[in-house]
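Read off the chains here:
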Amino acid sequence: MALDVGVLGYRFMGEAHANAMARLPMFFPDAPDINRELLVGRDEEALSEAADRLGFSRTTTDWADAIEEVDVFYNLGPNFVHAEPSIAALEAGVPVFCEKPLAPTLSEAGTMTEAYREADVPAGCAFNYRFVPAIQYAKGLIDSGELGEIHHVRGRYLQDWLVDPEAPWAWRLDEEMAGSGALGDLGAHTIDLARFLVGDQAGEIERVSGHLRTFVDERPVEGGEERREVTVDDAYTAQAEFENGAVGSFEASRFANGHKNDHTIEIEGSAGSLKFSLERLNELEYLREGARGFETILVTDEEDPYVDHWWPPGHVLGWEHTFVHENYEFLSAVDESGEFEPSFEDGLAAQRVIDAIQSSDASGEWVDIE
């Protein structure tokens, strides 16, 4: 029997996930059957157009209606609408997939995770970069001990879409709506990748020291003369210490001129090292023990993670394929009443680090992760 899927949100992330759902039966024949049943939004006219374009059968402007009528609920709305609909769905026993960061605040993320623990259904947090084949390949190398003891974890996520001081104000620039700026929007991905890749070897992040910076304090509202205050960070940097003593350094910026979507992570261990860049997402740079330099591995062979579902070796995948892999794993977990990772627990763990970085910036001191 097909799963009826309801989705809140039809812009950027709504399009990415709708595309992934459409691809599933073509390339993942063992994926559960689904119906793109119900699309949720506020603007009836725009919602109707989006439903036609994205392949949804019906629309509603009330997310509560969707929860009552679907088997799976995707919350792809802005950060400030993550908590209430997701909690309501979980209390109704409906599996939830929620965009990251899990919530604007640590308190809300904790409440959402408690609802997940009590619901006994899958609840996923949308850290799609875990599902890049090269990242999965890197995870296998690290877990098999090929890097030895982990010493350094270095991550950065750089974009430049706010460099222009006259770029329009958006909800992502409001603390009440977003919670934080580059830290939550971009840094959450880096923090989660660090936990995913080295958590089993280096342990959790135990303490952090952070610095946040806002470069432009107000921006014009599109379509008028009004200007609104920017109340989130434009960039952050952080130092981190892992349980095993490994050193971490993280940064993100939406003011990094010339960088469009540059998410890079580097890991150095006692026996080897890895480098990955999202802008070259089919490649992994790997320094083997005893080698004099890095080799570049093209992670497109049939035996590589997920690649057997796609094209012949060497025919590269793109950013949108990460969502297909993510949806395949999540919807399979729902269909089989199984577990999915990253779950709300992982979203909460990332939120703890985000909150600690904010606290460190405010106090000027190192902050322990509770």
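In what follows, the structure referred to is the one given above.
The structure contained in this document is the topic of the report that follows. This one's a predicted model, so the numbers in the text were calculated from it and none came from an experiment.

Bringing the state of the cysteines into the picture now. Taken as a whole and judged by the stated rule, the model has zero disulfides. Here Cys125 is not cross-linked by a disulfide; its sulfur's nearest cysteine counterpart is in Cys98, at 6.2 Å.

The subject of this paragraph is unusual backbone geometry. The residue after Lys100, namely Pro101, is reached through a cis peptide bond having omega -15 degrees. With respect to the element layout, Pro101 can be found in the loop between β5 (96-98) and α5 (106-119). Positive phi outside glycine occurs at Asp120, with the angle close to 60 degrees. What makes Asp120 exposed here is its relative accessible area of 71%. The phi torsion at Ser337 lies on the positive side, around 50 degrees, for a residue other than glycine. Along the chain, the position of Ser337 falls in the loop between α9 (319-335) and α10 (344-363). When its relative accessible area of 67% is taken as the criterion, Ser337 is described as exposed.

By the definition in use, this model includes two cavities of 30 Å³ or more. Volume-wise, the largest cavity comes out at about 30 Å³. Every residue lining the largest cavity is listed: Ile135, Ala138, Leu197, Ile265, Ile267, Leu274, Lys275, Phe276 and Leu284. Mapped by element, the contributors of at least two residues to the lining of the largest cavity are α6 (133-143), β13 (262-269) and β14 (273-277). Counting residues per element, the lining of the largest cavity draws most heavily on β14, at three residues. Each residue belonging to the lining of the largest cavity can be placed in one class, and the counts come to eight nonpolar, no polar and one charged. A volume near 30 Å³ is recorded for the second largest cavity. Lining the second largest cavity, in full, are Asn79, Arg172, Ala178, Ser180, Gly181, Asp185 and Arg254. Broken down by class, the residue content of the lining of the second largest cavity amounts to one nonpolar, three polar and three charged.

Relative to the helices and strands, Glu99 resides in the loop between β5 and α5. For the buried Glu99, no salt bridge exists, and the shortest N-O distance to an oppositely charged side chain is 5.1 Å, to Lys100. Residues in contact with Glu99, not counting those within four places in the same chain, are Met13, His17, Asn75, Leu76, His82, Cys125 and Ala126.

Attention now moves to a negative patch on the surface. Judged by side-chain charge, Asp30, Asp33, Asp335 and Glu336 come together as a negatively charged surface patch. Among the structural elements, Asp335 can be located in helix α9. On the basis of relative accessibility, which here comes to 42%, the residue Asp335 falls in the partly exposed class.

Our focus in this paragraph is the packing of aromatic side chains. Applying the stated criterion across every chain, the model contains 16 aromatic pairs. For the ring pair Trp319 and Phe323, a centre distance of 4.7 Å and an interplane angle of 65 degrees mean the geometry is edge-to-face. Placement of the pair is Trp319 and Phe323 together in helix α9, with a separation of four residues, close to one helical turn. When the ring centre of Phe196 is taken as origin, the NZ or CZ atom of Lys139, which lies over that ring, is 5.1 Å away.

Moving on: helix α1 (residues 12-27). For α1, spanning 16 residues, the distance from its first C-alpha to its last is 23 Å, which sits close to the expected 22 Å at 1.5 Å a residue. For α1, the full list of buried residues reads Met13, Gly14, Ala16, His17, Ala18, Ala20, Met21, Ala22, Leu24 and Phe27.

The complete set of buried residues in helix α2 (residues 44-54) reads Leu47, Ala50, Ala51 and Leu54. An end-on view of α2 places all buried positions within 105 degrees of arc, on one side of the element. Projecting away from the buried face of α2 at angles above 90 degrees are the exposed residues Glu45 and Asp52. For α2, the N-terminal cap is Asp43; the gap from its side-chain oxygen to the backbone nitrogen of Glu45 is 3.1 Å.

The rules behind the values
- Residues numbered from 1 in each chain as written.
- Predicted model: local features only at pLDDT ≥ 70, side-chain atom pairs only at ≥ 80, totals over all residues.
- Heavy atoms only, no water.
- Disulfide = S-S within 2.5 Å.
- Helix = DSSP H or I, 4+ residues; strand = E, 2+ residues; numbered from the N terminus.
- Buried < 20%, exposed > 50% of the residue type's maximum accessible area, 1.4 Å probe, protein only.
- 1 Å grid on protein atoms, 1.4 Å probe; cavity = no way out; pocket = protein on both sides within 12 Å on 5 of 7 lines; lining within 4 Å.
- Points joined across faces, edges and corners; volume = space filled by probe spheres on them.
- Nonpolar A, V, L, I, M, F, W, Y, C, P; charged D, E, K, R; others polar.
- Lys, Arg positive; Asp, Glu negative; His and termini not counted.
- Salt bridge = Lys/Arg side-chain N within 4 Å of Asp/Glu carboxyl O.
- Contact = heavy atoms within 4.5 Å.
- Patch = residues over 30% accessible without salt bridge, like charges linked within 9 Å, V, L, I, M, F, W, Y side chains within 5 Å.
- Areas by Shrake-Rupley, 256 points an atom, 1.4 Å probe, with all protein chains shown as cover.
- Charge placed at Lys NZ, Arg CZ, Asp CG, Glu CD.
- Phe/Tyr/Trp six-rings, centres within 6.5 Å; stacked < 30°, edge-to-face > 60°.
- Lys NZ or Arg CZ within 6 Å of the ring centre and 35° of its normal.
- Expected span 1.5 Å × (residues − 1).
- Arc of directions from axis to C-beta.
- Polar contact = N/O pair within 3.5 Å; in protein donor to acceptor, adjacent residues only side chain to side chain.

Keep in mind these values describe shape, not function.
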